[in-house]
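# Notes for the structure review
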Amino acid sequence: MASTPKPGRIGVFDSGYGGLTILKGILDELPQYDYLYLGDNARAPYGGRSFDIVFDFTRQAVEELFRRGCHLVILACNTASAKALRSIQQHVLPVSYPDRRVLGVIRPTVEAVGEITKSGHVGLLATPGTVRSHSYRMEVEKLCPGVEITEQACPMWVPLVETGEALSPGADYFVQKYIDEVMTQDPDIDTLVLGCTHYPILLSKIKRHVPEGVQIISQGDIVGKSLKEYLSRHPEMDAKCSKGGTVEFLTTENAESFDGFAQLFLDCPVSSQRITL
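Residues numbered from 1 in each chain as written. Predicted model: local features only at pLDDT ≥ 70, side-chain atom pairs only at ≥ 80, totals over all residues. Heavy atoms only, no water.

## Notes on the overall build of the protein
For clarity, the cut-off: Numbering goes from the N terminus for both helices and strands, where a helix is a DSSP run of H or I of at least four residues and a strand is a run of E of at least two. For the exposure calls, accessible area comes from a 1.4 Å probe over protein chains only, and a residue counts as buried if that area is under 20% of its type's maximum, exposed if over 50%, partly exposed in between. Contact between two residues is taken to exist if any of their heavy atoms lie within 4.5 Å; hydrogens are not considered. Surface accessibility follows the Shrake-Rupley procedure with a 1.4 Å probe radius. Residue values consider only the protein chains on display as shielding.
Of the regular secondary structure elements, the protein holds 13 helices and ten strands. A burial count over the protein gives 56% of its 277 residues as buried. Here the analysis covers contacts within the protein between residues at least 6 apart in sequence; of these, 78% occur between residues at least 24 apart. When the accessible surface of the protein is summed, it comes to about 12,300 Å², and 51% of that surface belongs to carbon and sulfur atoms.

## Let's talk about the packing of aromatic side chains
This is how it is decided: Stacked, edge-to-face and tilted are the three classes for Phe, Tyr and Trp ring pairs, Trp counted by its six-membered ring, which pair at centre distances within 6.5 Å; planes under 30 degrees apart are stacked, over 60 edge-to-face, the rest tilted.
Enumeration according to the criterion identifies twelve aromatic pairs in this entry. Ring geometry for tyrosine 37 versus phenylalanine 258: centroids 6.2 Å apart, planes at 35°, classification tilted. Highlighted residues: tyrosine 37 in strand S2 (residues 35-39) and phenylalanine 258 in helix H13 (residues 255-266), separated in sequence by 221 residues. Judged by its relative accessible area of 0%, phenylalanine 258 is buried. Plain terms: the ring middles of phenylalanine 249 and phenylalanine 258 are 6.3 Å apart, the flat faces sit at 50° to each other, and that makes the pair tilted. For phenylalanine 249, a relative accessible area of 9% puts it in the buried group.

## Side note on unusual backbone geometry
In this chain, alanine 44 is followed by proline 45 through a cis amide linkage whose omega measures -5°. A positive phi angle, near 55°, is found at histidine 134, a position not held by glycine. With respect to the element layout, histidine 134 can be found in the loop between helix H6 (128-133) and helix H7 (135-143). In this structure histidine 134 comes out as partly exposed when scored by relative accessible area, which is 35%.

## Some words on the nonpolar core
Put simply, the test is: Nonpolar cores are built from buried Ala, Val, Leu, Ile, Met, Phe, Trp, Tyr and Cys residues. Side-chain atoms within 4.5 Å join them into one set.
By size, the foremost hydrophobic cluster in this structure holds 52 residues, and its most contacted members are Ile10, Leu20, Leu72, Leu125, Trp157, Leu227 and Leu231. Apart from residues no more than four positions distant in its own chain, leucine 20 is found in contact with Tyr37, Phe249, Phe258, Ala262, Phe265 and Leu266. In this structure, Tyr46, Val92, Leu250 and Ile275 belong to the second largest nonpolar core, which totals 24 residues.

## Re helix H2 (residues 51-67)
Applied cut-off: Here the expected length of a helix is defined as 1.5 Å per residue gap, with one fewer gap than residues.
Taking 1.5 Å of rise per residue, 17 residues should cover 24 Å, and H2 covers 24 Å from first to last C-alpha, within 8% of that figure. Turning to H2, its buried residues are Val54, Phe55, Phe57, Thr58, Ala61, Val62, Glu63, Glu64, Leu65 and Phe66. The secondary structure elements touched by the buried residues of H2 are strand S1 (10-14), S2, strand S3 (72-75), helix H3 (78-83), helix H4 (85-96) and strand S4 (101-103). One or two positions beyond H2, positive phi appears at glycine 69, with a value near 100°.

## Section: the sheet that holds strand S5 (residues 121-126)
Heads up, the condition is: One requirement defines pairing of two strands: DSSP has to find at least two bridges between them. What counts as an axis is a line fitted to C-alpha atoms, over the stretch in contact for a helix, and the angles between N-to-C directions run from 0 to 180 degrees.
The strand order across the open sheet formed by four strands is S6-S5-S7-S8, and the pairing between neighbours is parallel. Edge positions in the open sheet fall to strand S6 (148-153) and strand S8 (215-217), since each of these has one partner strand only. Neighbour-to-neighbour, the strand axes of the sheet open up by a mean angle of 25°, direction not taken into account. Sitting on the sheet, helix H5 (residues 106-116) is in contact with S5, strand S7 (191-194) and S8, with an inclination near 165° to S7.

## What to know about the side chain of glutamate 151
In plain terms, the rule: Polar contacts, as counted here, are pairs of nitrogen or oxygen atoms within 3.5 Å of one another; within protein the pair requires one atom able to donate a hydrogen and one able to accept it, and residues that are adjacent in sequence qualify only if both atoms are side-chain atoms.
The residue glutamate 151 is located in strand S6 in this model. With relative accessibility at 12%, the residue glutamate 151 sits in the buried group. Here histidine 134 takes part through its side chain, which lies 2.9 Å from a polar atom of the side chain of glutamate 151. At 3.1 Å, the side chain of glutamate 151 and the side chain of arginine 137 are in polar contact. Apart from residues lying up to four places away in sequence, glutamate 151 is in contact with Leu124, Val131, His134, Arg137 and Gln185.

## Topic: H13
With twelve residues, H13 should cover 16 Å at 1.5 Å per step; its first-to-last C-alpha distance of 16 Å lies within 8% of that length. By the burial criterion, the buried members of H13 are Ala255, Phe258, Asp259, Phe261, Ala262, Phe265 and Leu266. Buried-residue contacts for H13 involve helix H1 (19-29), S2, helix H8 (157-162), strand S9 (247-251) and strand S10 (272-274). Directly beyond the C-terminal end of H13, a positive phi value near 65° is found at aspartate 267.

## With respect to the sheet that holds S10
Spatially, S4-S3-S1-S2-S9-S10 is the arrangement adopted by the six strands of the open sheet, whose pairing is parallel. What marks the edges here is a single partner per strand, and that holds for S4 and S10. If you compare each strand with its neighbour and ignore which way they point, the axes differ by 20° on average. H4 rests against S3 and S4 of the sheet, and its axis sits at about 170° to S4.

Structural measurements only, silent on function.
And the structure:
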């Protein structure tokens, strides 16, 4: 008779800091669970890397979280969700980890957008890698037929956040530039998706430059609600998730540097451990 697996923490993975905005949304919705966050800061950003490299890096991170007892891992990274999630779900899990699950952030975001847009015209602001993958476009075509999506790469936004310049006056130029470009492509857009987990740090500036009446969709709240629904639909996975209300942090970069930046995202003190993947 097979033994029941020991409950483990929910793993949350991102290439860097942006996934902390997803973690915050999840914590707001599901504070009772235990979480283990892993940021691959030493190799961030993933946005400009090839599919093969993103897949390799993401698989390494997921397997590290599995080794540390996680039965469920959330890819809190749009690039990893776009370039690696499907291959992991279809080729890695069935062969090596049939009882584990890995979820992404793109599908729940698209499901929410389909309910929010009134005009049927949606803009996506994302990294060049996510835009090139057309993952959002493919999910919209599957889940929200009839909705038109305009994809806009914002290559300067992640560097602005990761260099601590998100609130600087100079950031306004690049925030306005990409918003103007996507709205020029389709003036009927009534909903803008922030398709990168770093972008909520720029939210105050984004709101300043978005036309009146256009809604801005940030992923943290959406993913938190989606995870709650998922665990409700899958009690067998919920039983594998420990519930002690704790959060631990791992980084592949300098822990002290990670802790300082993480406080900007989470609004509370953070103490991380440096690891090597």
